[in-house]
Amino acid sequence: METINKRKIELFTAGCAVCEPVVEMVKGMACSDCDVVIYNLSNPCETKECLEKVKTYGIKALPAIAVNGRLLSCCQNRGISAEELRNAGLGLPVLN
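Every value quoted in this text rests on a predicted model; they were computed, and no experiment measured them. (Residues numbered from 1 in each chain as written. Predicted model: local features only at pLDDT ≥ 70, side-chain atom pairs only at ≥ 80, totals over all residues. Heavy atoms only, no water.)

S.K.: Run through the overall build of the chain, naming residues and quoting values.
M.R.: Check the secondary structure of the chain and you find three helices and four strands. Overall, the chain shows an N-to-C arrangement of helices and strands of β-α-β-α-β-β-α. Within the span of the chain, comprising 96 residues, buried residues form 24% of the whole. For the chain, restricting intrachain contacts to residue pairs at least 6 apart in sequence, the fraction spanning at least 24 positions comes to 63%. Counting only carbon and sulfur atoms, one obtains 54% of the accessible surface of the chain, whose full area is about 7200 Å². (Helix = DSSP H or I, 4+ residues; strand = E, 2+ residues; numbered from the N terminus. Buried < 20%, exposed > 50% of the residue type's maximum accessible area, 1.4 Å probe, protein only. Contact = heavy atoms within 4.5 Å. Areas by Shrake-Rupley, 256 points an atom, 1.4 Å probe, with all protein chains shown as cover.)

Written out as structure tokens, the structure reads:
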């Protein structure tokens, strides 16, 4: 008997207008060798497994996608930082 291996795609979403096109794109691109799991974090899973995965993968922004247990490089960002906000002028008066 032959073992069938599947690619595990984990998609983390907030169920928002920005995330939905990504959900549709992933669904449209998935093939029979893909096992797609969608975690809508606006309605977290009862077991809290999805929230643990967010921590494990280091997800800082949504949507985010992990394939076979690895967060895709396009989803690996630092998220919002106080330093970046300060550099953009937040908290500083506007000088004319």
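There's plenty left to go through after this.
S.K.: Go over the nonpolar core with me, naming the residues and quoting the values.
M.R.: In a soluble, globular protein the nonpolar side chains are often hidden away together inside. In this structure, F12, I59 and I65 are the most contacted members of the largest nonpolar core, which totals 18 residues. For this core, the elements supplying multiple residues, two or more each, are β1 (7–13), α1 (20–29), β2 (34–40), α2 (49–57) and β3 (64–67). With sequence-adjacent residues up to four places away left out, F12 is seen in contact with Y39, L41, C50, K53, V54, Y57, I59, L62, P63 and A64. (Core = buried A, V, L, I, M, F, W, Y, C linked by side-chain atoms within 4.5 Å.)

S.K.: Give me the side chain of E10: which residues, what numbers.
M.R.: Looking at the secondary structure, you find E10 in strand β1. With relative accessibility at 1%, the residue E10 sits in the buried group. Here the side chain of E10 touches K53 through a polar contact of 2.7 Å, side chain to side chain. At 2.4 Å, the side chain of E10 and the side chain of Y57 are in polar contact. Non-local contacts of E10, meaning those with residues more than four positions away in its chain, are made with V37, Y39, K53, Y57, A64, I65, A66 and G69. (Polar contact = N/O pair within 3.5 Å; in protein donor to acceptor, adjacent residues only side chain to side chain.)

So far we have only geometry, and geometry alone does not tell us how the molecule works.
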